[in-house]
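Descriptive structure summary
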2 protein chains.
Amino acid sequence: MAPSFAINDGVNGGRITPPSTTGRFASVYSEVQNSRIDHNLPLPSVLKNPFKIVDGAQSSAAGNPDEIAKLFPHLFGQPSATLVPGGSDTVQSHQKLKIGVVLSGGQAPGGHNVISGIFDYLQERAKGSTLYGFRGGPAGIMKCKYVELTSDYIYPYRNQGGFDMIRSGRDKIETPEQFKQAEETVQKLDLDGLVVIGGDDSNTNACLLAEYFRNKNMKTLVIGCPKTIDGDLKCKEVPTSFGFDTACKIYSEMIGNVMIDARSTGKYYHFVRLMGRAASHITLECALQTHPNITIIGEEVAAKKMTLKNVTDYIVDIICKRAENNYNYGVILIPEGLIDFIPEVQHLIAELNEILAHDIVDKDGLWKKKLTDQSLKLFEFLPPAIQEQLLLERDPHGNVQVAKIETEKMLIQMVETELEKRKQEGTYKHIFKGQSHFFGYEGRCGLPTNFDSTYCYALGYGAGALLQSGKTGLISSVANLCAPVEEWTVGGTALTALMDVERRHGKFKPVIKKAMVELEGAPFKKFALWRDEWALKNCYISPGPVQFTGPGSDAISRTLLLELGAQA
Amino acid sequence: MAPSFAINDGVNGGRITPPSTTGRFASVYSEVQNSRIDHNLPLPSVLKNPFKIVDGAQSSAAGNPDEIAKLFPHLFGQPSATLVPGGSDTVQSHQKLKIGVVLSGGQAPGGHNVISGIFDYLQERAKGSTLYGFRGGPAGIMKCKYVELTSDYIYPYRNQGGFDMIRSGRDKIETPEQFKQAEETVQKLDLDGLVVIGGDDSNTNACLLAEYFRNKNMKTLVIGCPKTIDGDLKCKEVPTSFGFDTACKIYSEMIGNVMIDARSTGKYYHFVRLMGRAASHITLECALQTHPNITIIGEEVAAKKMTLKNVTDYIVDIICKRAENNYNYGVILIPEGLIDFIPEVQHLIAELNEILAHDIVDKDGLWKKKLTDQSLKLFEFLPPAIQEQLLLERDPHGNVQVAKIETEKMLIQMVETELEKRKQEGTYKHIFKGQSHFFGYEGRCGLPTNFDSTYCYALGYGAGALLQSGKTGLISSVANLCAPVEEWTVGGTALTALMDVERRHGKFKPVIKKAMVELEGAPFKKFALWRDEWALKNCYISPGPVQFTGPGSDAISRTLLLELGAQA
């Protein structure tokens with residue numbers, strides 16, 4: 001079925017001109033990209049043959065089931081669904097469907113494969129069906145901006161990174177007017193189903209849409225898919241979110257390279273900040289893959305109520321101990337969201353927002369008298385550049401921009417100051433040189449690993465099966481991921497079962513709770529067991545670049561291996 | 001011959017405990033690292049059979065041959081040497097040699113393979129020979145710090161990145177005392193030969209050592225090897241320096257990922273600074289691999305005598321044109337050394353160094369009156385943060401630290417300012433958001449590509465052959481690199497032929513001139529031909545991660561392909 005392509009000279013790599021004038025128009029593909037397009041994706045065996053759906057027991061909610069029941073009267077309590085071999089193939093292949101798909105939120109490697117999974121399901125199991133891609137995220141639903149996804153349109157995006165096939169967006173469908181707009185769009189397109197590919201918020205939104213459509217007696221079903229490189233959307237039935245595997249492997253490649261550099265040069269401490277604001281899964285996974293000398297896990301900092309000074313001292317103590325072994329170099333991993341985990345920083349920022357809203361910052365520092373003692377102490381402890389940043393860089397609402405603080409640079413300065421103090425005291429005699437790194441955008445759009453390619457394809461294919469089976473308000477769930485692909489299980493989990501409520505503006509709002517790093521979970525415990533050895537010896541591992549064939553090409557994340565192993 | 005290894009559980013990847021207690025002691029290797037250790041390296045066919053050396057014509061110098069002749073009375077005019085099939089195997093295999101090897105300067109992927117190439121040559125062609133590795137660079141020669149490199153010692157480093165087998169250093173052997181120390185070391189170890197693996201400076205130093213030893217009638221021969229990720233050590237006989245291929249592929253992987261991210265998100269301009277201070281080869285190669293919207297090549301900026309304002313305007317003009325096509329995103333590559341190529345910046349810095357040595361920076365800015373008009377204008381044009389950095393951050397000699405300026409951030413600020421101006425004028429209406437990246441350390445220590453692995457092994461193997469053949473003052477030269485490996489040519493080029501002189505402190509000093517990006521060369525011309533199209537359309541290529549097997553694994557750099565194609 002592959003369209004033919006004009007391949008240009010070897011210097012530019014193969015040039016691919018997709019037959020359609022939309023899509024990756026006149027894109028030029030590298031040899032590796034090209035080779036991935038036709039990469040054959042294995043399917044779990046249950047998806048390769050006729051299947052039927054088996055419902056599980058009635059579900060509840062992650063918390064406050066009574067409130068969730070009130071918010072989702074039609075959907076609450078739905079059983080989870082599992083695909084099992086059997087059923088009649090004829091029913092499945094004679095029903096034509098109209099399905100919409102939307103990408104929501106930040107990019108994660110594998111999104112294109114979810115879409116091609118849905119498409120291929122429809123092609124193979126519901127011939128004559130139509131798949132629409134909403135452009136630019138949920139706004140595309142509200143504004144009815146869409147494209148019909150055809151075989152030719154999808155082809156160049158198979159197994160490719162990015163979300164550029166239909167792009168994504170961060171809008172939410174929230175107000176009654178917006179729900180009405182969504183209703184009009186799905187009715188205009190006569191949609192039987194909608195697949196929402198997104199993180200915790202987007203899947204909550206998907207469930208609200210499912211409830212809304214059901215309440216209005218509309219035929220449109222809604223299925224979610226778990227997407228986020230941060231790895232914080234997961235539960236027993238949904239063992240991981242897609243993109244996490246690829247992003248962590250790309251970051252770990254870079255960390256491994258920096259480690260070999262550190263050991264070869266012997267004179268730098270590399271402070272590496274990694275994406276992941278709400279949870280530290282990425283940092284933990286990269287630590288398990290590479291064995292850095294120091295790793296800060298936000299959830300542990302919060303649990304131990306550590307201050308910024310505590311974190312600094314922890315780092316400095318290890319640097320001093322390493323110096324005794326003549327190791328004046330190392331690698332330190334820091335989660336992007338570190339300072340969000342430190343209560344005293346949150347207090348300081350709240351106070352600053354309050355003070356700066358009313359007062360000007362006088363040169364003599366009289367304004368500081370309005371800070372509480374604890375916040376003043378912390379403020380004085382911060383490096384001058386960070387103090388300045390807190391005072392000067394404000395968002396349009398006048399608030400301090402915490403996200404703009406380069407935590408790795410801040411820590412380098414604080415470590416420098418503390419080491420200088422210890423030099424004065426005679427407890428440290430060496431030269432400290434810090435190098436800062438931030439690995440973020442580089443990992444969100446990489447070519448999906450074999451794992452993410454296959455996992456996403458199964459998620460999409462399974463979502464098609466759930467829709468065709470009349471399911472709504474479920475999140476596509478592919479599990480048993482440590483087994484060979486043929487043995488992966490496929491089904492759907494009630495989105496309401498993942499929910500709790502939060503009180504906002506006097507109302508209960510449903511939320512899918514982010515899965516944080518569990519300090520009692522197997523990945524953290526494994527890390528905790530080894531970190532002291534990693535701190536003082538150099539046990540660096542360099543995972544190297546992601547491979548698509550040969551050794552290492554079928555590796556899955558340490559987090560998944562350990563979590564699934566622990567459940568077994 | 002492989003020692004046996006204990007492989008631990010799958011979670012940590014294979015653990016390798018080298019049998020020796022030195023080396024990568026108790027290192028833990030990833031699956032990919034492990035698979036690379038036993039990767040079989042092909043040799044050029046001339047190295048697989050008995051060979052003999054054929055001398056070429058008498059050589060001259062890159063410039064000022066009379067002065068070079070005076071500086072190298074024993075070596076000047078040496079012919080280049082080429083290995084050809086033939087000769088007697090018996091002579092080669094009966095002579096035992098004692099050889100030293102040293103890594104000099106910054107790291108480049110493949111250094112370990114040069115060493116294993118030398119080692120294997122000695123094992124196979126001069127049984128009973130000894131190879132010493134000097135520790136920590138040229139200082140190891142001067143201080144006689146070395147390790148005997150055995151099969152077991154070398155094994156875990158085969159095809160691995162980094163220089164950690166014996167580490168490197170940036171010291172130079174310069175003073176008469178230092179030459180004397182080197183003499184004592186090679187005499188103490190009774191060395192027949194020394195291989196210096198390094199960049200232009202280190203190879204100049206190698207030639208000075210060769211001349212010194214020859215002058216003293218010592219038996220120690222010296223052979224250089226071309227190392228630098230910057231790609232600025234090359235000539236007709238030495239088509240590329242090792243490490244360039246791997247580093248550029250790693251950077252291009254990251255750039256390609258950022259491009260897909262830019263296109264998917266549709267709202268950021270990514271400013272990517274790339275390593276390469278003296279020459280812009282890395283930036284040019286990455287541009288040829290990935291097709292960014294804007295690429296700044298330092299050599300062109302210098303040739304066109306562009307000012308910082310010109311560079312800013314060039315970028316802003318393209319951003320405005322792209323906005324007309326509704327592309328408010330893009331990717332911009334900048335060489336690390338950009339501002340070194342801009343004469344007005346050099347003038348400003350020279351004036352600042354002069355003024356700041358004598359005056360204090362008064363708040364009212366009276367000190368600025370001492371700047372020339374041109375420098376004052378430039379200073380006022382710079383973003384405040386950069387002004388401050390120029391005034392405050394000084395090295396121990398009181399000089400402005402140009403290297404510390406984050407050029408990509410500076411350009412973002414200047415572009416912001418200019419776009420703001422155009423908004424006021426009504427010629428630009430959109431939102432500009434810049435994201436900065438620096439790709440440097442991540443590329444210096446990656447796992448060497450198949451190309452670098454094989455090229456380095458041949459360089460080392462060939463260096464062994466040159467030493468055994470009694471050659472000195474040559475740089476190991478492996479060429480015909482676009483042909484299959486069997487057809488690669490092997491030999492040595494007179495280091496004096498690469499040299500010119502520079503006048504320093506009233507004396508002539510020999511230098512191997514850095515190979516800059518040639519504006520008339522094929523790689524730049526190809527880039528210049530396409531850049532306007534890349535600027536306005538999006539022709540992004542995402543090369544993906546380096547592959548060791550399968551599609552893309554045998555790719556060689558665009559620069560090499562184009563340069564060798566152009567010579568053909």
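Residues numbered from 1 in each chain as written. Chains lettered and ligands numbered in written order. Predicted model: local features only at pLDDT ≥ 70, side-chain atom pairs only at ≥ 80, totals over all residues. Heavy atoms only, no water.

Okay, the relation of the copies chain B and chain A next. Mapping chain B onto chain A calls for a screw motion: a turn of 180° about the axis and a shift of 0.0 Å along it, with 0.1 Å RMSD after fitting. Taken together, the rotation angle and the small translation identify this as a two-fold axis. When you check the interface residues of chain B against chain A, 100% turn up at the interface there too, and the contact is symmetric in its surfaces. (Least-squares fit on C-alpha atoms with pLDDT ≥ 70 in both. Contact = heavy atoms within 4.5 Å.)

This brings us to the environment of B:Q346. All names here are of chain B. Relative to the assigned elements, Q346 resides in helix α14 (residues 343-358). Residues Q346 and V301, 45 residues apart in the sequence, show an inter-C-alpha distance of 13 Å. Leaving out residues up to four positions away in the same chain, Q346 has contacts with I339 and D340. At a separation of 2.9 Å, a polar atom in the side chain of Q346 contacts the main-chain carbonyl oxygen of I339. (Helix = DSSP H or I, 4+ residues; strand = E, 2+ residues; numbered from the N terminus. Polar contact = N/O pair within 3.5 Å; in protein donor to acceptor, adjacent residues only side chain to side chain.)

This part covers the side chain of B:N203. All names here are of chain B. Residue position: N203 is located in helix α9 (residues 200-215). With a relative accessible area of 0%, N203 lands in the buried category. A polar contact is formed between the side chain of N203 and the backbone oxygen of G198, at a distance of 2.9 Å. In this structure N203 touches V196, G198, G224, C225, P226, L233, I475, L495 and I512, once residues within four positions along its chain are discounted. (Buried < 20%, exposed > 50% of the residue type's maximum accessible area, 1.4 Å probe, protein only.)

This brings us to the confidence of the model for chain A. All names here are of chain A. Looking at chain A, pLDDT values average 91 and 93% of them are 70 or higher. Within the model, the stretch residues 1-26 combines pLDDT values under 50 with 64 contacts to residues more than four positions away or in other chains. Two summary scores accompany this predicted model of the complex, namely pTM at 0.94 and ipTM at 0.93. (pLDDT = per-residue confidence, 0-100.)

Attention now goes to the packing of aromatic side chains. Tallied over the entire structure, the rule returns 34 aromatic pairs over all chains. Ring centres of A:Y455 and A:W488 lie 6.4 Å apart, and the angle between their planes is 80°; on these two criteria the pair is classed as edge-to-face. Taken together, the residues span a long stretch of sequence, with A:Y455 in helix α19 (residues 450-468) and A:W488 in the loop between β12 (474-479) and β13 (489-494) at a distance of 33 residues. For the pair B:W367 and B:F379, a centre-to-centre distance of 5.4 Å together with 85° between the ring planes defines the contact as edge-to-face. Of this pair, B:W367 sits in the loop between α14 and α15 (373-381) while B:F379 sits in helix α15, and the two are 12 residues apart along the sequence. Side by side, B:W367 and B:F379 carry an identical accessibility label, which is buried. Taken together through their ring pairs, the aromatic side chains of A:F51, A:Y121, A:Y457 and A:Y461 make up a single cluster. Across the ring face of B:Y329, the terminal group of B:R322 is positioned such that the distance to the ring centre comes to 5.5 Å. Here the basic side chain of B:R503 rests over the ring of B:F508, its NZ or CZ set 4.5 Å away from the ring centre. (Phe/Tyr/Trp six-rings, centres within 6.5 Å; stacked < 30°, edge-to-face > 60°. Lys NZ or Arg CZ within 6 Å of the ring centre and 35° of its normal.)

All names here are of chain B. Across the 6 residues that make up strand β12 (residues 474-479), a large majority, 6, are buried. The sheet contact formed by strand β7 (residues 221-226) and β12 spans 2 bridges and is parallel. Along β12, the bridge assignment pairs G224 with I475. (Pairing = 2+ DSSP bridges.)

Between chain B and chain A, the residue contacts involve 67 residues of the former and 67 residues of the latter. Of the roughly 5400 Å² buried between chain B and chain A on both sides combined, carbon and sulfur atoms contribute 50%. Seen at the junction of chain B and chain A, the total is 6 salt bridges. Note that A:R263 is salt-bridged to B:D164, the shortest N-O span being 2.9 Å. Contributing elements (two or more residues each) for the side of chain B that touches chain A: α1 (31-37), α10 (244-265), β11 (434-439), α18 (441-444), α20 (522-536) and α21 (558-567) of chain B. Looking at the side of chain B that touches chain A element by element, the count peaks at 10 residues for α10(B). Of the residues that constitute the side of chain B that touches chain A, the class distribution is 27 nonpolar, 25 polar and 15 charged. (Buried area = accessible area lost by both parts, 1.4 Å probe. Salt bridge = Lys/Arg side-chain N within 4 Å of Asp/Glu carboxyl O. Nonpolar A, V, L, I, M, F, W, Y, C, P; charged D, E, K, R; others polar.)

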